[in-house]
Structures are given as structure tokens and as C-alpha cells.
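# Analysis of the macromolecular model
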Amino acid sequence: MAVSLIPVRYGAWFVAVAVGCSALVSGCAGTSSGPEGDDAEPAATNEVTVPIPPVQTHVLNTGSEPRIRLAPNAASGTQQNVTLHTENGVRQQVDSQPEQDFSTPGVTMPLAATSNDGGADLLLGRISCPDPDLEQALAAAEGSHAGLTISPNGAITALQITPANEASDSARQAVEQAFYQAVYHTVVFPDDELGTGAVWTIEQQISGGVTLDQVTTATLLARDGDRLTIAVDVRQTPRSNVWNLPNGAGMLDIEHYDMHGSGQLTVDVGLPLPVEGMVTMAGEQSYRVPNDTTRLNQRTNSTVQWLP
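Note that the coordinates shown come from a computational prediction; the quantities given were computed from them, not determined experimentally.

Attention now moves to the overall build of the protein. When helices and strands are tallied, the protein shows three helices and 17 strands. The buried share of the protein, reckoned over its 308 residues, is 49%. Taking the intrachain contacts of the protein between residues at least 6 apart in sequence as the baseline, contacts between residues at least 24 apart amount to 65%. Roughly 13600 Å² of accessible area belongs to the protein as shown, and the carbon and sulfur atoms make up 48% of that amount.

Next up on the list: the environment of Pro308. Looking at the element boundaries, Pro308 is found in the segment after β17 (295–307). In the structure, Pro308 is positioned 33 residues away from Val275 in sequence and 6.0 Å away in space, judged by C-alpha atoms. Each residue touching Pro308, except ones within four places of it in the same chain, is listed here: Val275 and Glu276.

Looking at the element boundaries, Gln80 is found in strand β4 (residues 79–94). Within polar-contact distance, the side chain of Gln80 engages the backbone nitrogen of Leu273 at 2.9 Å. For Gln80, the residues in contact, after removing those within four places along its chain, are Leu111, Ala112, Ala113, Leu271, Pro272, Leu273, Pro274 and Val275.

It is worth spelling out the nonpolar core at this point. Counting residues in hydrophobic clusters, the biggest one holds 69 residues, and the most contacted among them are Met109, Leu111, Leu138, Phe179, Trp200, Ile230 and Trp306. The dominant element in this core, judged by the number of residues it contributes, is helix α3 (residues 169–183), at eight residues. Apart from the residues lying within four places of it in its own chain, the contact partners of Leu138 are Val107, Ile127, Cys129, Ala171, Ala174 and Val175.

Estimated volume of the second largest pocket: approximately 500 Å³. Residue lining of the second largest pocket: 29 residues in total, with Pro72, Ile150, Gly154, Leu271 and Pro272 positioned closest to the centre. Every element with two or more residues in the lining of the second largest pocket is listed here: β6 (104–116), β7 (119–124), β8 (145–150), α3 and β15 (251–268). Ranked by residue count, the leading element in the lining of the second largest pocket is α3, at three residues. Considered class by class, the residues forming the lining of the second largest pocket number 19 nonpolar, eight polar and two charged.

Turning to unusual backbone geometry, a few remarks are in order. Following Glu65, the chain continues into Pro66 via a peptide bond in cis, with omega recorded as -5°. Structurally, the position occupied by Pro66 is in the loop between β2 (55–61) and β3 (68–69). A positive phi angle is found at Asn247, which is not glycine, with a value near 60°. Relative to the helices and strands, Asn247 is located in the loop between β14 (242–244) and β15. By relative accessible area, Asn247 is classed as exposed at 80%. A positive phi is found at Asn291, a non-glycine position, where the angle reads about 60°. Mapped onto the elements, Asn291 comes out in the loop between β16 (276–288) and β17. Relative accessible area serves as the criterion here: at 68%, Asn291 is assigned to the exposed category.

Within the fold, Gln160 resides in strand β9 (residues 156–162). Assessed through its relative accessible area of 16%, Gln160 is described here as buried. A polar side-chain atom of Gln160 sits 3.1 Å from a polar atom in the side chain of Thr149. For Gln160, the contacting residues outside a window of four places in its chain are Glu47, Val48, Thr49, His145, Ala146, Gly147, Leu148 and Thr149.

In this section: the packing of aromatic side chains. Enumeration according to the criterion identifies one aromatic pair in this entry. Arranged with centres 6.1 Å apart and planes meeting at 35°, the rings of Phe189 and Trp200 form a pair that is tilted. With Phe189 in the loop between α3 and β10 (193–194) and Trp200 in strand β11 (residues 199–206), the pair connects residues that are 11 residues apart, well separated along the chain. Under the relative-accessibility criterion, Phe189 is labelled buried at 3%. For Trp200, a relative accessible area of 0% translates into the label buried.

Our next topic: helix α2 (residues 132–139). Given 3.6 residues per helical turn, the α-helix brings residues three or four places apart onto the same face. When we look at burial in α2, the residues that qualify are Leu134, Ala137 and Leu138. Down the axis of α2, the sector holding all buried residues measures 100°, keeping them to one side. α2 presents Pro132 and Gln136 as exposed residues on the side facing more than 90 degrees away from its buried surface. Residues of α2 that are buried in the fold lie against β6 and α3. The N-cap of α2, judged by a side-chain oxygen 3.0 Å from the amide nitrogen of Asp133 a few residues on, is Asp131.

Quick notes on the rules
Residues numbered from 1 in each chain as written. Predicted model: local features only at pLDDT ≥ 70, side-chain atom pairs only at ≥ 80, totals over all residues. Heavy atoms only, no water. Helix = DSSP H or I, 4+ residues; strand = E, 2+ residues; numbered from the N terminus. Buried < 20%, exposed > 50% of the residue type's maximum accessible area, 1.4 Å probe, protein only. Contact = heavy atoms within 4.5 Å. Areas by Shrake-Rupley, 256 points an atom, 1.4 Å probe, with all protein chains shown as cover. Polar contact = N/O pair within 3.5 Å; in protein donor to acceptor, adjacent residues only side chain to side chain. Core = buried A, V, L, I, M, F, W, Y, C linked by side-chain atoms within 4.5 Å. 1 Å grid on protein atoms, 1.4 Å probe; cavity = no way out; pocket = protein on both sides within 12 Å on 5 of 7 lines; lining within 4 Å. Points joined across faces, edges and corners; volume = space filled by probe spheres on them. Nonpolar A, V, L, I, M, F, W, Y, C, P; charged D, E, K, R; others polar. Phe/Tyr/Trp six-rings, centres within 6.5 Å; stacked < 30°, edge-to-face > 60°. Arc of directions from axis to C-beta.

Structure representation (C-alpha cells):
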């Protein structure tokens, strides 16, 4: 990018980076796997289908006896009511300019889930948000549908979203981002038999302007019948040292990238969605305009919470 860029273009350019980075580092495929990305397949019914990259698991410790094979076993037609709450924050600073806040308002979505042979169907209830304008827009999204295609080990392989016809673009974007965040914090089980204290990794790529390797270390803290308490530690690492900006806006060199998260989830393998729990992510990133001294520093954070 030439040194002669005018300030106005700098501003628009870096705002695009803030939005793209915020989506990606929070664990969602914001720039390429969303409804405007190459992988999205909008249907005539207004449905958006997003394939989710495959997951690999590796057992580090099988835990104590007794050990059993852990896997989702919800019978078709099983119903569950749970609430998904997500937050997504990004603050950025260009050189010595004042730091700006590009965070998006958190959303709280009641979900009525019903298991099926391939995964689960979800019906959205009345969505709340601390931003009055967005909450008003989200009111029209009530009654939207979503679907999860789930493999036998619990990995989500596809996400389908069918927004209500009355939902605005801003409401649809908020709903989609919330689901993307949740999908990339799914607990996936290995084929091995596991007992209390078992530790395994869940490895997945998150594609975007830069591809991230996400490694989640899961620890089985307790098991009571079908109900599992699992601690998670999440780390994301870029596979490249270049960030390609959305819509052909250019690129940035990645000078520093740190993103780490942790949390605890309660999962009932007889139900389609987590019962409760929370995973938080936070980190700092530094980017540089190629062949220039201009730098962008970001502080990002995200939260995915399940409420009974």
C-alpha cells in the first residue's frame, strides 16, 4: 500500500479491518464463511447454508476408570430450551491516534431446539440487546429458524440460518455472528473411551482473510450419567503473516497476534445443545501497512454463554 494514502482512506480501510478481525478472532468465519462469503449458498427460501471446516481430535489422557465412549445420543424429537448470549468487542488504535471502540452490542437469544436424525432444528425467540435500535430491529427476527448438521462425534459440519422475512440486514448479521461464535466453541469428542480427568484437543481451521489454527484443549472434570462438565482452553494462531482485507481493500502484515480463551461448559449428550456454561476469549493484535510505518493495534474480546 502506497505511503501517499490520504487519511480518509486510512479511516475507511482500518474500520474494515476492525470489523473483519473482530469476527475472525472471536471464533467465527466472518469474512469468508458468512452469508456473503464464497462458501455461503443462499437458497430461494432465504436460507443461508454455511459449511463448517472439519475437526480433528487427539487424546492426551484417557482419564480414570470407569471409561466410556462419549458421543451425542439425543433421540430424534428431543426438545430443549436454552438461551445463547454472545458478546464481541474490538478496540483499535492507528499509530498514536486516540483509540476507537468498534465493539458490537451483545445479543441474548432464547432457542427452542429439537433433535433430528442429522442434528437439530432451532427456533429463535424474542432476542434482547442493550442497544435500543438494534433490539428494535431484532424484534423482527423472532421466529427465525436455524439448523445444525452434527456428526456422530458432536462436530458441527454445517450451519443453516433461515431469517424471518421481516428481519433487517442488521438483525440478520447479529444473529449470524452469534451463531458463528457458538459453532466454533463446540465440544467434539474423540473415539476413545474416556473417564473423569480425560484430556483431549479439538483442532480446527477458521478461514478468512487469514486462516487461523484453533486448538481447544478439553478436560472432563466430572460425569453424572449423560451430563458432562468440561473445562476448555482455546488458543488461536494465524497460519500466515499476512491479513488480506475484505473486498480487495489491500493487505496488512501481521506483526503480533495473541488470542487465548478459557471457560467451562456443561453438556448433556442426550440434548442437542449445551446446557450451560461460558467461554471467553481475549487478546491483542498488531498489524502494519506493507512498506510503511503505519501500524494498527487492536484489543479484542468475545464471550459465548449458554444459559438454562
